[in-house]
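# Coordinate inspection notes
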Amino acid sequence: MIRDKRSEYLAALILVGPFIAIYGLLFVWPTIQMVMLSFTKAPLIGPGQWVGIDNYVKILSHRLFQNATWNTVYFVLLTVIPNTLVSLAIAMAVNRLRGWKQGFVMACFFLPYILPVSVVYLTWNWIIDVQYGLIQYIVRPFNGGEPMSLTRTIPFFMPTVAVVTIWWTLGFNVLLFIAGLRNISPEIYEAASLDSAGRWRQFRKITWPLIWPVTALVLTIQLIAQLKIFDQVYLFSIGGRQDPTIVMVQYVYKLAFQQNKGGEGAAAATILFAIIIILSVVQYQALRARGEK
Amino acid sequence: MAIFPIYWAVVTSFKSETEVIASGISLWPSQINTEAYQHIWNNTNIGSWYINSLVTSSLITFGVIVSSAGCAYALSQLDFPGRKIIYILILACFMVPMQALIINHFVLMAQFKLLNTWAGIILPQLVVPVTIIVYKQFFDSVPREFREAAQMDGAGHFKTLFRIYLPMNWGITSALAIITFIGAWNSFLWPFLAATGEATMTVPVGITQVKDAYGIVYARLMASAVMAGLPVATVFLLFQRRVTQAIMLSAGVKG
């Protein structure tokens with residue numbers, strides 16, 4: 001029996017070991033390092049002097065930080081709810097289709113999701129191109145016949161990137177909604193039809209409440225994902241003025257990698273880290289509370 | 001509507017540059033022209049970018065699947081001290097934004113002199129707690145009798161894992177492997193930071209570097225986009241079911 005236990009421990013050690021090593025080295029250790037670094041005045045690489053909370057004070061009053069925070073929030077507002085609603089509408093439409101048609105349409109919506117961000121960027125950058133882009137056929141009449149660069153005109157930057165992002169990531173949410181819609185038993189709808197409830201009423205009284213858990217899930221995943229936004233915003237802002245459209249992760253990148261301010265960068269990263277953890281926990285608790293009711 | 005932008009990119013890549021910038025919308029090239037592809041192939045390092053992407057994504061997939069399956073088996077089937085704490089840590093890891101750790105990953109990789117190497121690209125991408133949680137859920141539901149029977153026959157834990165638990169969950173393994181591979185192939189931020197030399201870039205990072213000495217050449221840019229998207233698009237079209245299954249499983253964990 002004792003020998004048995006010992007061999008079990010050994011097996012566990014060997015099996016869990018690799019993951020624990022990876023986890024410790026590449027997750028726990030960097031997290032501790034990040035917090036430590038955020039209290040020092042240090043370059044990106046090399047030692048620094050302990051300055052307490054100076055970096056935090058400095059950053060919080062930094063115009064660019066406020067910009068980055070606002071732009072991130074703005075981007076979240078522009079993407080999360082529209083994406084969820086559009087996905088739900090598409091899922092309901094796709095769910096009505098049958099057989100190969102359903103598979104085909106779903107694949108069409110899903111295909112963009114699996115493409116690398118740079119492919120999405122190049123494709124859309126061509127479509128919105130100021131000289132030859134297809135979008136200019138729509139833009140020109142509204143701009144006095146003149147073409148306009150949507151990503152170089154600051155008020156249009158975030159909405160444009162948001163539309164591209166929604167197009168890109170829709171498929172994932174559509175998939176989750178379809179899974180949710182399939183779980184609603186058809187008998188409920190049949191009963192509703194017998195009571196001669198119209199389409200809208202059926203949606204309000206049956207589909208919406210029953211799909212709500214999936215909606216909450218989609219909203220959560222979206223929220224957390226969009227707070228971490230970097231790739232698209234960075235790529236679309238190459239060659240333009242980046243500061244007015246900067247987002248949080250880009251701010252960290254700018255401080256640490258472009259200005260070589262490791263300490264301040266780490267402080268910004270720690271703030272982002274804290275915001276996301278807090279939101280995750282709050283969201284998790286909210287979902288759990290609803291589940292227990 | 002949904003795939004039109006992709007269609008438009010593909011069509012553009014086969015047009016001649018004069019046709020690309022001609023006015024009007026032509027939905028089909030007047031003549032199939034592969035000049036853009038030849039140019040990208042001959043004038044960029046795309047060949048080595050492909051190799052970098054293929055090697056790093058494959059090794060990430062292998063590492064994630066093997067370490068996750070082993071860890072999940074231990075957490076699910078073995079009794080050892082610290083089990084609960086490890087599981088809680090894994091759940092916690094899940095919420096953490098890896099994007100916030102870029103500075104420290106960079107510093108760490110610089111200390112190990114791994115920047116601009118495959119190892120440097122791979123290592124920080126090995127932390128994927130979702131696969132452990134999905135595996136654990138599936139291993140939990142394997143009836144205990146299977147393990148007991150195997151152990152009566154004298155099979156150790158490793159044999160039990162590799163001969164029974166993994167084959168029984170082969171569908172999940174392939175689904176998780178495909179989605180891990182796609183994710184690794186597509187990842188941008190970390191490879192963008194870790195591989196700055198033209199020779200060590202991955203495909204998604206490399207194609208953002210394609211510029212032309214004579215200004216923007218749209219057909220060539222689209223050809224590079226098609227070449228970068230083709231491998232994942234192919235994987236997706238071949239394994240559609242597995243991809244969607246894996247996504248639903250991992251999303252289910254998050255809720």
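Everything quoted here is computed from the prediction, not taken from an experiment. (Residues numbered from 1 in each chain as written. Chains lettered and ligands numbered in written order. Predicted model: local features only at pLDDT ≥ 70, side-chain atom pairs only at ≥ 80, totals over all residues. Heavy atoms only, no water.)

### As for the packing of helix α3 (residues 63–96) of chain A against helix α7 (residues 154–182) of chain A
Helix packing geometry: the angle between the two helix axes and the distance between the axes. Residue and element names in this part refer to chain A. Contact geometry of α3 with α7 gives a least axis separation of 6 Å together with a crossing angle of 40°. When the axes of α3 and α7 are compared, the pair comes out oblique. The way α3 lies across α7 gives a crossing that is right-handed. Looking at the contact of α3 with α7 residue by residue, the classes come out as 20 nonpolar, nine polar and one charged. (Axes fitted to C-alpha atoms, helices over the stretch in contact; angles between N-to-C directions. Helix = DSSP H or I, 4+ residues; strand = E, 2+ residues; numbered from the N terminus. Parallel < 35°, antiparallel > 145°, perpendicular 65-115°, else oblique. Left-handed = near helix turned anticlockwise from the far one by under 90°. Nonpolar A, V, L, I, M, F, W, Y, C, P; charged D, E, K, R; others polar.)

### A word on the nonpolar core
Within the largest apolar cluster, 184 residues are counted, with the highest numbers of intra-cluster contacts made by Tyr251 of chain A together with Phe192 of chain B. No other element matches the 16 residues that α7 of chain A contributes to this core. (Core = buried A, V, L, I, M, F, W, Y, C linked by side-chain atoms within 4.5 Å. Buried < 20%, exposed > 50% of the residue type's maximum accessible area, 1.4 Å probe, protein only.)

### Overview of the UniProt feature "domain: ABC transmembrane type-1" (unreviewed entry) in chain A
UniProt annotation of "domain: ABC transmembrane type-1" (unreviewed entry) refers to residues 69–283 of chain A when read in the numbering used here. Structurally, residues 69–283 of chain A comprises 77% helix and 0% strand, and the distance from its first C-alpha atom to its last is 20 Å. (UniProt positions renumbered as here; feature names shortened; annotations may be inferred.)

### What about unusual backbone geometry?
Residue and element names in this part refer to chain B. One non-glycine residue, Lys113, lies in the positive phi region at around 60°. Inspection of the secondary structure puts Lys113 in the loop between α6 (102–111) and α7 (118–122). You can call Lys113 exposed: its relative accessible area is 71%. Unlike most non-glycine residues, Asn116 shows phi in positive territory, near 60°. Mapped onto the elements of the fold, Asn116 is located in the loop between α6 and α7.

### Looking at the side chain of Ser76 of chain B
Residue and element names in this part refer to chain B. With respect to the element layout, Ser76 can be found in helix α4 (residues 46–77). Side-chain polar atoms of Ser76 contact the side chain of Gln77, separated by 3.0 Å. Sequence-distant contacts of Ser76, that is, excluding residues within four places in its chain, are made with Lys136, Phe139 and Asp140. (Polar contact = N/O pair within 3.5 Å; in protein donor to acceptor, adjacent residues only side chain to side chain. Contact = heavy atoms within 4.5 Å.)

### Focus: the interface of chain B and chain A
Facing the 81 residues of chain B at the interface are 75 residues of chain A. In this assembly, chain B packs against chain A so that about 7000 Å² is buried in total across both faces, 83% of it on carbon and sulfur atoms. Summed over the shared surface of chain B and chain A, the number is zero salt bridges. Our count for the chain B to chain A interface comes out at nine residue pairs in polar contact (both at pLDDT 80 or more). For the side of chain B that touches chain A, the element with the most residues is helix α14 (residues 218–238) of chain B, which contributes 10 residues. In the side of chain B that touches chain A, the residues fall into 62 nonpolar, 17 polar and two charged. (Buried area = accessible area lost by both parts, 1.4 Å probe. Salt bridge = Lys/Arg side-chain N within 4 Å of Asp/Glu carboxyl O.)

### Looking at the packing of α4 of chain B against helix α11 (residues 170–186) of chain B
All names here are of chain B. It is the contact of α4 with α11, at a shortest axis distance of 9 Å, that shows an interaxial angle of 140°. Taken as axis vectors, α4 and α11 run oblique relative to one another. Once α4 is placed against α11, the crossing between them reads as right-handed. Between α4 and α11, the contacting residues are Tyr50, Ser53, Leu54, Ser57, Ser58, Ile60, Thr61, Val64 and Ile65 on the first element and Thr173, Leu176, Ala177, Thr180, Phe181, Ala184 and Trp185 on the second. Residue composition of the contact of α4 with α11, by class: 10 nonpolar, six polar and no charged.

### Some words on the pattern of salt bridges
All names here are of chain A. In the structure shown here, the tally under the stated rule is four salt bridges over all chains. Lys58 serves as the salt-bridge partner of Glu264, at 3.0 Å between the closest nitrogen and oxygen. Of this pair, Glu264 sits in helix α12 (residues 262–292) while Lys58 sits in helix α2 (residues 54–60), and the two are 206 residues apart along the sequence. A salt bridge links Asp243 to Lys254, with the shortest nitrogen-to-oxygen separation between them at 3.0 Å.

### Looking at the packing of aromatic side chains
Residues and elements named next belong to chain B. On inspection of all chains with the given rule, the structure shows 34 aromatic pairs over all chains. Ring centres of Tyr73 and Phe139 lie 6.5 Å apart, and the angle between their planes is 75°; on these two criteria the pair is classed as edge-to-face. Taken together, the residues span a long stretch of sequence, with Tyr73 in helix α4 and Phe139 in helix α8 (residues 129–140) at a distance of 66 residues. For the ring pair Tyr73 and Tyr165, a centre distance of 5.2 Å and an interplane angle of 80° mean the geometry is edge-to-face. Of the two residues, Tyr73 is situated in helix α4 and Tyr165 in helix α10 (residues 157–168); the sequence distance between them amounts to 92 residues. (Phe/Tyr/Trp six-rings, centres within 6.5 Å; stacked < 30°, edge-to-face > 60°.)

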